Amino acid sequence: MTKKDFLNFLEQRLMVLNDTERADLLNEYEEHIEMKMASGLSEEEAIAGFGDPEELVKELLDAYHLNTDYQPSGSRSASRIAWYVKSCAHFVSSMFDTLFHYSIRDLFKLFLQACFLAAFLGVILLGGAFLGSLLHGTFWHLGWIGRLFYDMVALFAWIIYIALAIYLVIFFIKRYILIDYQPLEPPAGNSQPKELFRMENLHLDEHFDNAKTYAGNMAEQTGEAFARMKQKAAESRELRAARREGREPVKVPFPDISLGELCMKIIVFCCRFIGFFFLLMAGCSALSLIAASAAGLVFVVMGYKIIGPFLMLLGCALLSIVITGLLLQFVFGIGGGKHETV
Amino acid sequence: MNAQFKKGVLEMVVLLSLARKDMYGYEIVSEVSKIIEVNEGTIYPLLKRLTNEKFFETYLRESSEGPPRKYYHLTKAGEMYKDELKNEWLQFNESVMTFIKECDSP
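The rules we used
- Residues numbered from 1 in each chain as written.
- Chains lettered and ligands numbered in written order.
- Predicted model: local features only at pLDDT ≥ 70, side-chain atom pairs only at ≥ 80, totals over all residues.
- Heavy atoms only, no water.
- pLDDT = per-residue confidence, 0-100.
- Helix = DSSP H or I, 4+ residues; strand = E, 2+ residues; numbered from the N terminus.
- Patch = residues over 30% accessible without salt bridge, like charges linked within 9 Å, V, L, I, M, F, W, Y side chains within 5 Å.
- Areas by Shrake-Rupley, 256 points an atom, 1.4 Å probe, with all protein chains shown as cover.
- Salt bridge = Lys/Arg side-chain N within 4 Å of Asp/Glu carboxyl O.
- Lys, Arg positive; Asp, Glu negative; His and termini not counted.
- Charge placed at Lys NZ, Arg CZ, Asp CG, Glu CD.
- Buried < 20%, exposed > 50% of the residue type's maximum accessible area, 1.4 Å probe, protein only.
- Contact = heavy atoms within 4.5 Å.
- Buried area = accessible area lost by both parts, 1.4 Å probe.
- Polar contact = N/O pair within 3.5 Å; in protein donor to acceptor, adjacent residues only side chain to side chain.
- Nonpolar A, V, L, I, M, F, W, Y, C, P; charged D, E, K, R; others polar.
- Core = buried A, V, L, I, M, F, W, Y, C linked by side-chain atoms within 4.5 Å.

### Observations regarding the confidence of the model for chain B
- Here chain B averages 90 in pLDDT, while 100% of its residues score no lower than 70.
- Looking across chain B, the model is least confident in helix H3 (residues 40-52) of chain B, with a mean pLDDT of 86, and most confident in helix H4 (residues 76-104) of chain B, with 94.

See below:
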């Protein structure tokens, strides 16, 4: 340890003392070291004579009847603030450092990737907004419960979206801009300040790789499943055709699912999923309207003069039956004759 | 040499040294080191503590070899404390010596 390091260390740890006392002490130690060196020892040897600096500090503070673990919050937060500011500066400067070392081509690639990220986030946002506006009308007419439900779901969706956006942006920055980033050493002290830029702890790389693998596997499996289903459908069709024409069924090859096709199927599936909920609602209203019309019919037969309202009920019931039927067809593909079903 | 022994008498030795003449930090360390081997670093905390307890007074004196040095001087209270310690030590020493003699010759 050099004399400067030793004295700096002492100064830091003795912050609790008033300035004169501290300066006094540091002076004495400096003098002592000087004299030892004058008598022939090296700087290292002179300081080694003091033993463990931590122990020394403890005994020094003990002389003032102070808690040796004490660091006044003022100086502690001051050093912490200083560390934060330094960390920010270090972060920004290392970012710029890395960027400057990029070639023009790499910078352009980086820019493209940033655009992709922005586009991706934008698409999700638009999709969410669209979905939100679709559902908005429906739920708001269901009274205060519907409104509450809608608001809660919207809030939840927003939180997830923002978290996802932040996560991706951080990952992006870490991956492409902070390749050689080494965070600053936090100041020595009893309470470690929260390390703002300790990205290593987030294990982002691990998570993202896991997610990618998982998504990849999922996509693969989904693709395979679709392909198999398509093959089965084709096989059964072939079987029926063969029976009709009185021939042997031809072996159907395992179909190739293109990415576009897969995407389409996924989108259709999602739409059907949403449609399912509408189907439920429509079905419920249909049932209740049918029941109401039946009751109305009974009353009409019993002589009540409610022909008008009854006819209206009947009309609504029929309409809801039709809507339910349409939705059924859309969601489950039942009764669709001409369209290819999955 | 047992650290506890050294720790026990260090204060007394420092006080006795200063009773003879005023000295500055480095000088005190050298003097005490002649009598008992001790970590120099711990002398200064001790000096600080005894100064805080008003047993020492400090003043600056010009030195020929550089900046003015801080000299330690034993106060009246320090002298009284020194005598107290010396008596306690002599008593203590006597009891222990007697006991050792008893143990050695049953």
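Moving on from the coordinates now.
### Side note on a positive patch on the surface
Residues and elements named next belong to chain A.
- Among the surface-exposed residues, Arg237, Arg240, Arg243 and Arg244 lie close enough to one another that they form a single positively charged patch.
- Mapped onto the fold, Arg237 is located in helix H8 (residues 204-245).
- With relative accessibility at 40%, the residue Arg237 sits in the partly exposed group.

### What to know about the interface of chain B and chain A
- Contact residues are listed per partner, giving 18 residues for chain B and 20 residues for chain A.
- In this assembly, chain B packs against chain A so that about 1,700 Å² is buried in total across both faces, 54% of it on carbon and sulfur atoms.
- Per-residue buried area on chain B facing chain A is highest for Tyr26, Tyr44 and Lys48 of chain B; these three make up 36% of the total on that side.
- The salt bridge involving Asp24 of chain A is made with Lys70 of chain B; its shortest N-O contact spans 2.6 Å.
- Taken together, chain B and chain A are joined by ten residue pairs in polar contact (both at pLDDT 80 or more).
- Listing elements by their share of the side of chain B that touches chain A, those giving two or more residues are helix H2 (25-35), H3 and strand S3 (66-74) of chain B.
- In terms of residue count, the dominant contributor to the side of chain B that touches chain A is H3 of chain B (eight residues).
- Looking at the side of chain B that touches chain A residue by residue, the class counts come to seven nonpolar, five polar and six charged.

### Topic: a nonpolar patch on the surface
Residues and elements named next belong to chain A.
- Taken together, the side chains of Phe130, Leu131, Leu134, Phe269, Phe273, Ile274, Phe276, Phe277, Leu280, Leu328 and Phe332 present a nonpolar region at the surface, about 1,100 Å² in accessible area.
- Sorting the residues of the nonpolar patch by element identifies helix H6 (104-140), helix H9 (259-301) and helix H10 (307-332) as the ones contributing at least two each.
- The greatest single-element share of the nonpolar patch, amounting to six residues, is contributed by H9.
- Take Phe273: it is sitting in helix H9.
- Phe273 sits in the exposed class, given a relative accessible area of 51%.

### With respect to the nonpolar core
- Among the nonpolar cores identified, the biggest contains 47 residues, and Phe6 and Tyr29 of chain A together with Ile28, Val32 and Phe56 of chain B are the most heavily contacted of them.
- When residues in this core are grouped by element, the largest group, seven residues, is from helix H1 (residues 3-20) of chain B.
- Excluding residues that lie within four positions of it along the chain, Val32 of chain B makes contacts with Leu10, Val13, Val14, Ser17, Val38 and Ile43 of chain B.
- Counting residues in each nonpolar core, the second largest holds eight residues, with Tyr102, Leu121, Leu168 and Phe172 of chain A among its members.

### So, the pattern of salt bridges
- Going through the model one piece at a time under the given rule, you end up with 16 salt bridges over all chains.
- Residue Arg22 of chain A pairs with Asp19 of chain A through a salt bridge whose shortest N-O separation is 2.7 Å. Here Asp19 of chain A and Arg22 of chain A lie together in helix H2 (residues 19-38), a separation of three residues that amounts to about one turn.
- For Asp19 of chain A, a relative accessible area of 55% puts it in the exposed group.
- Between Arg20 of chain B and Glu31 of chain B there is a salt bridge, with the nearest N and O atoms lying 3.9 Å from each other. Taken together, the residues Arg20 of chain B in helix H1 and Glu31 of chain B in helix H2 connect sequence positions eleven residues apart.
- Accessibility expressed as a relative area gives 65% for Arg20 of chain B, which makes it exposed.

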